[in-house]
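Structural description and commentary
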Amino acid sequence: MKISVIGCGYLGAVHAASMAELGHEVVGVDVDAAKVESLQRGAPPFHEPGFGELLGRTLASGRLTFSTDFADAAGSRVHFVCVGTPQKRGEYAADLRYVEAATEALLPVLASGDLVVGKSTVPVGTAARLAEMVEGKVPGALLAWNPEFLREGFAVQDTLHPDRLVYGLPAGADGDTARALLDEVYAQIVERGTPKVESDYATAEMVKTAANSFLATKISFINAMAELCEATGADVKLLADAIGYDDRIGRKFLNAGLGFGGGCLPKDIRAFMARAGELGADQALTFLKEVDNINMRRRIRMVELAREVCDGSLLGKRVAVLGAAFKPDSDDIRDSPALNVAAQLQLQGAVVRVTDPAAVENSRRQWPHLDYADSPEEAAEQADAVLVLTEWRQYRELDPQEFGKVVRSRRMLDGRNALDRDLWEAAGWTYRALGRRAT
Ligand code: UGA
């Protein structure tokens, strides 16, 4: 099938290459000429494991091209809208201008029988509005909502092997037409028996925001327990293990630490609250405000813990920050808890050096006043304290003995509860972590 993918960020670029991998003929369209040039050359503009290989393979097959010209989307039967919906400046609500612009730009190239498929995360009610726009302007063209659940760091795997497909469909015979087209696009995934949920637009839109809100709540729940553990001397890691054995609860997303960041969870819970307010149902989501508060408090607590460990003052102390990306296996620094803490430490007088295996370049661009290093050893040279704020494998596997030789004081603050405490303590380090008492 001929397919266009509008918007070539994490979501769109991976989706475009994955659709080509499934055998379709795909054009990825983006207004950013530099991004399009880089993708067309086979050079991923972001760090995503496995994506470089997939991109190279699908470009070489001749089934995948990229363009800055919307006219190149003409002739495609299905058009995926994969543009961003960031938080509005100074407001909680989502900024829909890119979704609206992309849909509008598609109108002149749409033909009767084409299907526009929204994948962006949008406030409930958006799809119905866009469907009116599409059907009003291009008789016979339809719209479906098909939210995406990919995680950065696992984007390729999540796109080609999703754990479910959600189709938000128009009513009646149009719904059957849209379903048939989506089934054809995802034929290999559907045949594998992947669970499929078909619904109206509003449910499909809400599935995405509800899923991200649940995940955010789960993380903030365990981080609230971490606060209590700090007050009582209990251990949040053991607590998470113990409650996680109950498979109604589950151990996944119960890692206490610095909390959630990134381009999705924080802005999605806020946009969800804003939308609930507009709908007169704000009470239903007031708990998300607390989820957000708990999450932000962890960053402040991390800075306090660093001060405590540095004998009560950060002034002039050399602090190494290992990790800048919002999570490992990503170079994404949007709302990164690690960089937020690094900046606060610097503002309080510490001499901060940040390192990350993939995100230094992005960080330097956005936080030019911080000091950066190429390796953990370089960052930690003569350090008074080391903070692991993103749990990259490289940091989890550091040798505490060897690493101890570069620092001034062996003080380790594990912001992600990711290190083997016994190993570090055996090597003479003072080990501190969120939600766990000092030895
Ligand atoms: C999230 C969702 O997990 C995806 O399902 C969704 O498709 C995506 O948003 C999206 O809306 O596009 P992502 O932002 O890539 O994916 O990252 P997550 O793996 O969810 O991690 C989010 C944050 O939570 C990270 O900062 C991570 O360090 C933190 N986290 C995660 C914890 O603090 N504890 C945990 O136990 C798990």
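Residues numbered from 1 in each chain as written. Predicted model: local features only at pLDDT ≥ 70, side-chain atom pairs only at ≥ 80, totals over all residues. Heavy atoms only, no water.

Considerations on the domain arrangement of the protein chain
Rule in force here: Domains are outlined according to an automatic or database domain assignment. Any pair of residues with heavy atoms lying within 4.5 Å of one another is described as a contacting pair. Buried area is understood as the total, over both parts, of accessible area removed when two parts are fitted together, assessed with a 1.4 Å probe. Salt bridge, as used here, is a side-chain nitrogen of Lys or Arg placed within 4 Å of a carboxyl oxygen of Asp or Glu. N or O atoms within 3.5 Å of each other form a polar contact, as long as, within protein, one can give a hydrogen and the other can take it, and as long as residues adjacent in sequence are counted only when both atoms are side-chain atoms. Polar here means any residue outside two lists: the nonpolar Ala, Val, Leu, Ile, Met, Phe, Trp, Tyr, Cys and Pro, and the charged Asp, Glu, Lys and Arg; Gly therefore counts as polar.
According to the domain assignment, the protein chain consists of domain 1 (2–199) and domain 2 (215–433). Taken together, the 17 residues of domain 1 in the interface contact 19 residues of domain 2. For the domain 1 and domain 2 pair, buried surface summed over both sides reaches about 1400 Å², with 53% attributable to carbon and sulfur atoms. By the criterion of area lost to domain 2, the three top residues of domain 1 are H47, Y92 and E152, representing 45% of everything that side buries. Taken together, domain 1 and domain 2 are joined by 1 salt bridge. A salt bridge links E152 to R334, with the nearest nitrogen and oxygen atoms 3.3 Å apart. At the junction of domain 1 and domain 2, the tally comes to 10 residue pairs in polar contact (both at pLDDT 80 or more). Residue composition of the side of domain 1 that touches domain 2, by class: 9 nonpolar, 6 polar and 2 charged.

A word on helix α10 (residues 236–244)
Inclusion rule: Partly exposed residues are those whose accessible area sits between 20% and 50% of the maximum for their type, while under 20% is buried and over 50% is exposed, using a 1.4 Å probe and protein chains only. Counting from the N terminus, the helices are DSSP H or I runs at least four residues long and the strands are E runs at least two residues long. Here the arc refers to the set of directions running from the helix axis out to each C-beta atom.
Among the residues making up α10, those that are buried are V236, A240 and G244. Burial along α10 is one-sided: seen end-on, the buried residues are contained in an arc of 70°. Away from its buried face, by an angle of more than 90 degrees, α10 presents the exposed residues L238 and A242. Taken together, the buried residues of α10 touch α9 (201–232). Sitting at the head of α10, D235 places a side-chain oxygen 2.8 Å from the backbone nitrogen of K237.

Observations regarding the pairing of strand β6 (residues 142–145)
Heads up, the condition is: Two strands qualify as a pair provided that DSSP identifies no fewer than 2 bridges between them. We call a crossover right-handed when, viewed with both strands directed away from the observer, the connection leading from the first strand over the helix to the second proceeds clockwise.
Every second residue of β6 is oriented toward a common face, with L142 and A144 on one face and L143 and W145 on the other, all of them buried. As paired strands, strand β5 (residues 115–118) and β6 are joined by 4 bridges and run parallel to one another. Paired with G118 across the two strands is W145, which belongs to β6. Once you follow β5 into helix α5 (residues 126–137) and on to β6, the crossover reads as right-handed.

A few points about the environment of K317
Mapped onto the secondary structure, K317 falls in the loop between α12 (286–309) and β9 (318–322). With relative accessibility at 18%, the residue K317 sits in the buried group. Distance in space between the C-alpha atoms of K317 and A226 is 27 Å, their sequence separation being 91 residues. Beyond its immediate stretch of four places on either side in the chain, K317 contacts C310, G349, A350, V351 and D384. A distance of 3.0 Å separates a polar side-chain atom of K317 from the backbone oxygen of S313.

With respect to the site of the ligand
Put simply, the test is: Any residue with at least one heavy atom within 4 Å of a molecule or strand is counted as near it. For accessible areas, the Shrake-Rupley method is used with a probe of radius 1.4 Å. Any residue's cover is judged against the shown protein chains and nothing else.
In the neighbourhood of the ligand, 21 residues make up the surrounding shell, with F149, L150, E152, N212 and K327 lying closest. F326 is positioned such that a nitrogen or oxygen atom in its backbone is 2.9 Å from an oxygen atom of the ligand. Burial of the ligand by the protein amounts to 90% of the accessible area it has alone, namely 720 Å². For the shell around the ligand, the elements supplying multiple residues, two or more each, are α9 and α11 (265–278).

What about the packing of α9 against α12?
The condition that has to hold: Fitting a line to C-alpha atoms yields each axis, with helices limited to the stretch in contact; the angle taken between N-to-C directions then spans 0 to 180 degrees. Note on terminology: angles under 35 degrees are roughly parallel, angles over 145 are roughly antiparallel, angles of 65 to 115 are roughly perpendicular, and the others are oblique. The handedness criterion is simple: a crossing whose near helix is rotated anticlockwise from the far helix by less than a right angle is left-handed, and one whose near helix is rotated clockwise is right-handed.
Two elements in contact, α9 and α12, have axes separated by 9 Å at closest approach and are oriented at 50°. Taken as axis vectors, α9 and α12 run oblique relative to one another. Regarding α9 and α12, the two cross each other, and that crossing is left-handed. Of the residues in α12, those in contact with S213, A216, T217, S220, N223, A224, A226, E227 and E230 of α9 are F287, L288, V291, I294, N295, R297, R298 and R301. Residues of the contact of α9 with α12, tallied by class, amount to 7 nonpolar, 5 polar and 5 charged.

Thoughts on the layout of surface pockets
In plain terms, the rule: As defined here, a cavity is a set of points on a 1 Å grid over the protein atoms alone where a 1.4 Å probe fits but cannot get out. A pocket is an open set with protein on both sides within 12 Å along at least five of seven lines, and residues line them when an atom is within 4 Å of a point. Grid points are joined across faces, edges and corners, and a volume is the space filled by probe spheres set on the points.
Of the voids in this model, the second largest pocket is the one considered here, and its volume is about 150 Å³. Lining the second largest pocket we find I333, R334, D335, S336, L339, N340, Q366 and W367. Looking at the lining of the second largest pocket residue by residue, the class counts come to 3 nonpolar, 3 polar and 2 charged.

A word on the packing of aromatic side chains
Test applied: Stacked, tilted and edge-to-face pairs are distinguished by plane angle, under 30 degrees for stacked and over 60 for edge-to-face with tilted covering the rest, among Phe, Tyr and Trp rings (Trp via its six-membered ring) whose centres lie within 6.5 Å. We call a charge positioned above a ring when the Lys NZ or Arg CZ atom is no farther than 6 Å from the ring centre and deviates by at most 35 degrees from the ring normal.
Tallied over the entire structure, the rule returns 6 aromatic pairs. With 6.3 Å between their ring centres and 80° between their planes, F403 and W424 make a pair best called edge-to-face. One end of the pair, F403, is in helix α17 (residues 400–404); the other, W424, is in helix α18 (residues 421–426), and 21 residues separate them in sequence. Taking 5.9 Å as the distance between ring centres and 10° as the angle between the ring planes, the aromatic pair formed by F403 and W429 counts as stacked. Of this pair, F403 sits in helix α17 while W429 sits in the loop between α18 and β14 (430–433); the two residues are 26 residues apart in sequence, bridging distant segments of the chain. When its relative accessible area of 3% is taken as the criterion, W429 is described as buried. Joined through ring pairs, the aromatic side chains of Y10, F46 and F51 make up one cluster. Sitting above the plane of the F154 ring, R151 keeps its charged end 4.3 Å from the centroid. Positioned above the aromatic ring of F149 is the side chain of R164, whose terminal nitrogen or guanidinium carbon lies 3.5 Å from the ring centre.

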